[in-house]
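Given next are the chains, with one letter for each unit.
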Amino acid sequence: MSDANPTPRECLAHQLAEAVAEALRTDLAERERALLVVSGGSTPVPFFTALAAMELPWPRIDVTLADERWVAEDADDSNARLVREHLMQGPAAAATFVPLTTEDATPEQGAEAVAERIAGLAWPASAVILGMGGDGHTASLFPDSRELELALSTAEPVVAVRTPSQPQPRITLSADRLHQARRHILHITGGDKRSVLARALAGDDVRELPIRAFLACPLATYWAP
C-alpha cells in the first residue's frame, strides 16, 4: 500500500489479497493449475489491484467469475471488463481469464457452451470470493429470481438467470459449482451488509437470503466499515 494512511477497506483488500495469494501458492505446490473464482461490483476493486501486484506463477492460474450480466465484454457494467481492467494487469496479466459470456443473444442460448468452458477448469477452485447484496443475494442467486430453485439444486455448472429486480439477464455459476472450492471467502463492506449477514446467520431459509447457501461450509468473512 502506497498510502501512508490506508483506509480500513484498503487494509482489508490487502489482507484478502495476501490470503488468496498464499492459497494459490499452496495449491500450485501440489497441482499444475489453480483456479480462482471472483465476483464483480465495486467492493472487490481494491482487492483486484492488490492481488494483481502479487508475485505468483500467474501463467498457471485461471480466473473466472461467480456470475455475469449478459452484456458485451466491453460494456460498462460487464464484470469481465472490471476483472480485465483491475485484476488482469501487471504480473497477473499472465493468468488466463475465462469469461462467462458468448456471442449468443441470450444466456439461455449460450449456457451450454459456457458450461463446457467452466467444467474444463481445475476444480475444486483454490478459492471462491463471494460478494453479497443488500437483499442477501450472492453471485446471481437472487431472492426474486425465477431460476433460484434451479440454481440452488442443479448439478449443471451454470444457470441462465432472469430476475425482476435486475435490468439485464445474467448467467451464474450454480450453487453446486460454487461449493466446489477449497476455500470460500465473503468480502463485504459497510454496516448495512454486516446487518444483512447477521440476519442471514440467524435463520435458515435460503430462498429469503440466498447467501445462506454458503454459511454451512467454512466461510471466511472479510468485512470493513
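Quick caveat, the model's predicted, so the values are computed rather than measured. (Residues numbered from 1 in each chain as written. Predicted model: local features only at pLDDT ≥ 70, side-chain atom pairs only at ≥ 80, totals over all residues. Heavy atoms only, no water.)

1. Observations concerning the pattern of salt bridges
Keep this limit in mind: Here, a salt bridge means any side-chain nitrogen of Lys or Arg that lies within 4 Å of a carboxyl oxygen of Asp or Glu. Only DSSP runs of H or I reaching four residues or more are called helices, and only runs of E reaching two or more are called strands; each is numbered from the N terminus. Here the term buried applies to any residue with accessible area under 20% of the maximum for its type, exposed to any over 50%, and partly exposed to those in between, with areas from a 1.4 Å probe on protein chains only.
Taken as a whole and judged by the stated rule, the model has 14 salt bridges. Its salt-bridge partner being Asp27, residue Arg183 comes within 2.9 Å of it at the nearest N-O pair. Of this pair, Arg183 sits in the loop between α6 (175-179) and β8 (184-189) while Asp27 sits in helix α1 (residues 8-28), placing them 156 residues apart in sequence. Note on Arg183: relative accessible area 26%, which makes it partly exposed. The closest approach of N and O atoms between Asp76 and Arg81, which form a salt bridge, is 2.9 Å. The class of Asp76 is exposed, set by a relative accessible area of 72%. Classification of Arg81 by relative accessible area gives partly exposed; the value is 26%.

2. Quick notes on the nonpolar core
Here is the rule we go by: Throughout, nonpolar core names a set of buried Ala, Val, Leu, Ile, Met, Phe, Trp, Tyr and Cys residues whose side chains join them through atoms within 4.5 Å. Only heavy atoms matter for contacts: two residues are in contact if any of them lie within 4.5 Å across the pair.
Counting 75 residues, the largest nonpolar core has Phe47 and Leu51 as its most contacted members. Take this core: its biggest share by element is eight residues, from α1. Phe47 has contacts with Ala13, Leu16, Ala17, Val20, Val38, Ile129 and His187, leaving out every residue within four places of it along the chain.

3. Thoughts on the sheet that holds strand β3 (residues 67-69)
Selection rule: Between any two strands, pairing holds if DSSP finds at least two bridges. Here, axes are lines fitted to C-alpha atoms. For helices the fit covers the stretch in contact, and angles between N-to-C directions go from 0 to 180 degrees.
Strand order in the open sheet formed by three strands is β3-β7-β6, with antiparallel pairing between adjacent strands. At either end of the open sheet lies a strand with only one pairing partner, and these are β3 and β6 (158-161). On average, each strand axis in the sheet is inclined to that of its neighbour by 15°, with strand direction left out of account. Alignment of β3 against strand β7 (residues 170-173), held across three bridges, turns out to be antiparallel. Along β7, the bridge assignment pairs Arg69 with Arg170. In this fold helix α4 (residues 107-119) packs onto β6 and β7, with an angle of close to 160° to the strand it touches most, β6.

4. Some remarks on α1
Going by this rule: Every helix has an expected span of 1.5 Å times one less than the residues it contains. This arc is built from the directions going out from the helix axis to the C-beta atoms.
The first and last C-alpha atoms of α1 sit 30 Å apart over 21 residues, in line with the 30 Å expected at 1.5 Å per residue. Taken together, the buried positions of α1 are Leu12, Ala13, Leu16, Ala17, Val20, Ala21, Ala23, Leu24, Asp27 and Leu28. Along the axis of α1, the buried residues cluster in a sector spanning 165°; they form a single face. Packed against the buried residues of α1 are β1 (34-38), α2 (45-52), β2 (61-65), β5 (127-130), β8 and β9 (219-224).

5. Here we look at the layout of surface pockets
If a probe the size of a water molecule is rolled over the atoms, the empty space left behind becomes visible. Going by this rule: Lining residues are defined by having an atom within 4 Å of a point belonging to a cavity or pocket. Those points lie on a 1 Å grid over the protein atoms alone, cavities being sets where a 1.4 Å probe fits but cannot get out and pockets being open sets with protein on both sides within 12 Å along at least five of seven lines. Grid points are joined across faces, edges and corners, and a volume is the space filled by probe spheres set on the points. Here the term charged refers only to Asp, Glu, Lys and Arg, the term nonpolar to Ala, Val, Leu, Ile, Met, Phe, Trp, Tyr, Cys and Pro, and the term polar to all other amino acids, Gly among them.
The computed volume of the largest pocket comes to approximately 340 Å³. For the largest pocket, the lining is made up of 22 residues, of which Gly40, Gly41, Gly131, Met132 and His137 are closest to its centre. Only β3, β5 and β8 provide two or more residues apiece to the lining of the largest pocket. Looking at the lining of the largest pocket residue by residue, the class counts come to six nonpolar, 12 polar and four charged.

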